[in-house]
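Tertiary structure, described
So the chains spell out like this:
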Amino acid sequence: MQARLKNPATLVPEAMQPIMTLVKSLQNGKVPPRTLGLVHARISQINGCAVCLDMHARQEKKAAEPDDRLIVLAGWRDAPYFTEAERAALALAEAETRLADRADAVPDDVWNEAARHFDEQALAQLVLHIALVNMFNRVNVTTRQVAGAQSW
């Protein structure tokens, strides 16, 4: 496999620093890193981003994420391995990722459940994290970045 293009953020150097600053700021919020990792992996499953799936599977394993949770992540609704807060974050991630799939892109019930588990600051972190992961996925998939190669 070969990428169509080098990572665009490396070709537009002025873009890389603000992206990395946003990444760092979103890692230091109220949402647990474990939840952010699950959200990243689930969005990457939806978008078919092999680069992010590869990278996050390795990161989650290093962080001692149990295999059970990673194996059934796509079926999180029917698996007993996730907390209510993680389920709310995953539902929000799916809705925000699939905006065009329904008329009410992010239904009130999805938002309200997330708001039940996360305060305003954590919700802001989660919404921005979801958007950022979608950006990474779209760049990687569009340019056919190769899993296992350093993309970002």
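First, a word on scope: everything that follows refers to the structure included in this document. The shown structure was predicted, so the numbers you read here are calculated from the model rather than taken from an experiment. (Residues numbered from 1 in each chain as written. Predicted model: local features only at pLDDT ≥ 70, side-chain atom pairs only at ≥ 80, totals over all residues. Heavy atoms only, no water.)

Digging into the overall build of the chain
In terms of regular secondary structure, the chain is built from eight helices and zero strands. Relative to the compact-globule value of 15 Å for 152 residues, the chain shows a C-alpha radius of gyration of 15 Å, a close match. Based on the C-alpha atoms only, the size of the chain along its principal axes is roughly 40 × 30 × 30 Å. Among the 152 residues that make up the chain, the fraction classed as buried is 40%. (Helix = DSSP H or I, 4+ residues; strand = E, 2+ residues; numbered from the N terminus. Rg over C-alpha atoms; globule rule 2.2 N^0.38 Å. Buried < 20%, exposed > 50% of the residue type's maximum accessible area, 1.4 Å probe, protein only.)

Topic: helix α6 (residues 84–97)
Along an α-helix, residues three or four apart share an orientation, since each turn contains 3.6 residues. Here α6 contains 14 residues, and its C-alpha end-to-end distance of 20 Å stays within 8% of the 20 Å for a straight helix at 1.5 Å per residue. Taken across its 14 residues, α6 has eleven buried, putting it largely inside the fold. Along α6, the residues classified as buried are Glu86, Ala88, Ala89, Leu90, Ala91, Leu92, Ala93, Glu94, Ala95, Glu96 and Thr97. Taken together, the buried residues of α6 touch α3 (33–47), α5 (67–71), α7 (108–117) and α8 (120–142). (Expected span 1.5 Å × (residues − 1). Contact = heavy atoms within 4.5 Å.)

Topic: the packing of α3 against helix α4 (residues 50–62)
The geometry of α3 relative to α4 is characterised by a closest axis approach of 9 Å and an angle of 155° between their N-to-C directions. With respect to α4, the element α3 is oriented roughly antiparallel. You can see that α3 and α4 cross each other, and the crossing is left-handed. Contact residues: α3 offers Arg34, Gly37, His40, Ala41, Ser44 and Gln45, while α4 offers Cys52, Leu53, His56 and Glu60. Among the residues forming the contact of α3 with α4, the class breakdown is three nonpolar, five polar and two charged. (Axes fitted to C-alpha atoms, helices over the stretch in contact; angles between N-to-C directions. Parallel < 35°, antiparallel > 145°, perpendicular 65-115°, else oblique. Left-handed = near helix turned anticlockwise from the far one by under 90°. Nonpolar A, V, L, I, M, F, W, Y, C, P; charged D, E, K, R; others polar.)

Some remarks on a nonpolar patch on the surface
Taken together, the side chains of Leu5, Leu11 and Val12 present a nonpolar region at the surface, about 250 Å² in accessible area. With respect to the helices and strands, Leu5 occurs in the segment before α1 (8–11). We classify Leu5 as partly exposed; its relative accessible area is 42%. (Patch = residues over 30% accessible without salt bridge, like charges linked within 9 Å, V, L, I, M, F, W, Y side chains within 5 Å. Areas by Shrake-Rupley, 256 points an atom, 1.4 Å probe, with all protein chains shown as cover. Salt bridge = Lys/Arg side-chain N within 4 Å of Asp/Glu carboxyl O.)

Regarding unusual backbone geometry
The backbone of Ala64 sits at a positive phi, close to 65°, despite the residue not being glycine. Within the secondary structure, Ala64 is located in the loop between α4 and α5. Accessibility expressed as a relative area gives 58% for Ala64, which makes it exposed. A positive phi angle, near 50°, is found at Arg144, a position not held by glycine. Within the fold, Arg144 resides in the segment after α8.

Some thoughts on the pattern of salt bridges
As enumerated under the stated definition, the model contains eleven salt bridges in all. A salt bridge links Asp54 to Arg58; its shortest N-O distance comes to 3.0 Å. Of the two residues, Asp54 and Arg58 both sit in helix α4, four residues apart, roughly one turn of that helix. What makes Arg58 exposed here is its relative accessible area of 54%.

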